[in-house]
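Architecture and fold: a report
Residues per chain, in single letters:
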Amino acid sequence: MNWYEKLSQYFPIEEMKSKKHIETLLQERSDIYHKNEGPHHVLMYVETDQFIFIDYLFVSKDARGQGLGGKLINELKQHNKPIILEVEPIDYKDSDSAKRLHFYKRADFKHAQTIGYDRRSLATNEVNQMEILYWSPTSETEESILNKMKKTYELIHTYKDKEIYGASYQPADQVLKIDKNRKDGDILADL
């Protein structure tokens, strides 16, 4: 099974970029968009001078619980810059969603509780709510995380979207916002 098949079997369609989109990023944005692949994992990530964004992290069922995911995260932490990622809220029908959150909590990630993230999927045309998790070697404000996330959205998520999908995603300011009145609370607190 190739890297894209592994990712698309694990991640929901509304979260997946097309293979063409990812290959375009790997070719045209190779200065910041990277793939780390092994027999039991696929890690797609963005690295800028200021931060790292994990686009996809897949560890095969055969290798889960053996420390591979933690090793990959720790390698990124060695770059000594904030690490940001998107996760779906816990879906109790999908046990993997809770396991993912436990994994990131053990890796000392925090939930950006004031950042609202609602994006319409070009694949399903439905609004997809995501949560932002981050780790930082310094005290990072959620406003700073929001700005880094918007940069990722503009550089990566919407890169050549009209050309690749025939439609454009919404602008970053419509998708990502600070909302101090969000009622979800810390999704990592009760794990």
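What comes next concerns the included structure.

About the criteria used
Residues numbered from 1 in each chain as written. Predicted model: local features only at pLDDT ≥ 70, side-chain atom pairs only at ≥ 80, totals over all residues. Heavy atoms only, no water. Helix = DSSP H or I, 4+ residues; strand = E, 2+ residues; numbered from the N terminus. Rg over C-alpha atoms; globule rule 2.2 N^0.38 Å. Buried < 20%, exposed > 50% of the residue type's maximum accessible area, 1.4 Å probe, protein only. Phe/Tyr/Trp six-rings, centres within 6.5 Å; stacked < 30°, edge-to-face > 60°. Lys NZ or Arg CZ within 6 Å of the ring centre and 35° of its normal. Pairing = 2+ DSSP bridges. Contact = heavy atoms within 4.5 Å. Salt bridge = Lys/Arg side-chain N within 4 Å of Asp/Glu carboxyl O.

For the protein, the helix and strand inventory stands at seven helices and eight strands. Computed over its C-alpha atoms, the radius of gyration of the protein comes to 16 Å, within 12% of the 16 Å expected for a compact globule of 191 residues. Principal-axis analysis of the C-alpha atoms gives the protein an extent of 40 × 40 × 40 Å. In the protein, which comprises 191 residues, the proportion classed as buried is 51%.

This part covers the packing of aromatic side chains. Inspection of every chain in the model, using the stated rule, returns seven aromatic pairs. Consider the rings of Phe-103 and Tyr-104, whose centres lie 4.9 Å apart with planes at 75°: the pair is edge-to-face. Residue Phe-103 is classed as buried on the basis of its relative accessible area, which comes to 19%. Judged by its relative accessible area of 6%, Tyr-104 falls in the buried class. Ring centres 5.2 Å apart and planes at 70° place the aromatic pair Tyr-104 and Phe-109 in the edge-to-face group. Lying across the ring of Tyr-169, Arg-119 places its NZ or CZ 4.6 Å from the centre.

Time to look at unusual backbone geometry. One non-glycine residue with positive phi stands out, namely Asn-80, at about 60°. Along the polypeptide, Asn-80 turns up in the loop between helix H3 (68–77) and strand E4 (83–87). One non-glycine residue with positive phi stands out, namely Lys-160, at about 50°. The topology assignment puts Lys-160 in the loop between helix H5 (142–157) and helix H6 (161–165).

Of all the seven residues making up strand E2 (residues 41–47), seven are buried; the element is thus mostly covered by neighbouring parts of the structure. Covered by surrounding structure in E2 are His-41, Leu-43, Tyr-45 and Glu-47 together with Val-42, Met-44 and Val-46, the residues of both alternating faces. Bridge count between strand E1 (residues 33–38) and E2: six bridges; the pairing is antiparallel. Pairing of Glu-37 across the sheet is with Val-42, part of E2. Linking E1 to E2, which pair antiparallel, is a turn of two residues. Alignment of E2 against strand E3 (residues 52–59), held across seven bridges, turns out to be antiparallel. In the strand pairing of E3, Val-46 is matched with Phe-53. Hairpin connection of E2 to E3: four residues between the antiparallel strands.

It is worth spelling out the side chain of Lys-81 at this point. Along the chain, the position of Lys-81 falls in the loop between H3 and E4. When its relative accessible area of 14% is taken as the criterion, Lys-81 is described as buried. For Lys-81, the contacting residues outside a window of four places in its chain are Glu-47, Thr-48, Asp-49, Gln-50, Phe-51, Ile-52, Trp-135 and Pro-137.

Turning our attention to the environment of Lys-20. Residue position: Lys-20 is located in helix H2 (residues 19–28). According to the relative accessible area criterion, Lys-20 is partly exposed, its value standing at 47%. Along the backbone, Lys-20 and Ser-136 are 116 residues apart, and their C-alpha atoms lie at a distance of 32 Å.

In this section: the pattern of salt bridges. This structure, assessed with the given rule, holds 11 salt bridges. Among the ionic pairs, Lys-17 bridges to Asp-55, the shortest N-O distance being 2.9 Å. Taken together, the residues Lys-17 in the loop between helix H1 (3–10) and H2 and Asp-55 in strand E3 connect sequence positions 38 residues apart. For the pair formed by Lys-17 and Asp-55, the shared burial category is buried. A salt bridge links Lys-180 to Glu-143, with the nearest nitrogen and oxygen atoms 3.2 Å apart. Placement of the pair is Lys-180 in the segment after strand E8 (176–178) and Glu-143 in helix H5, with a sequence separation of 37 residues.

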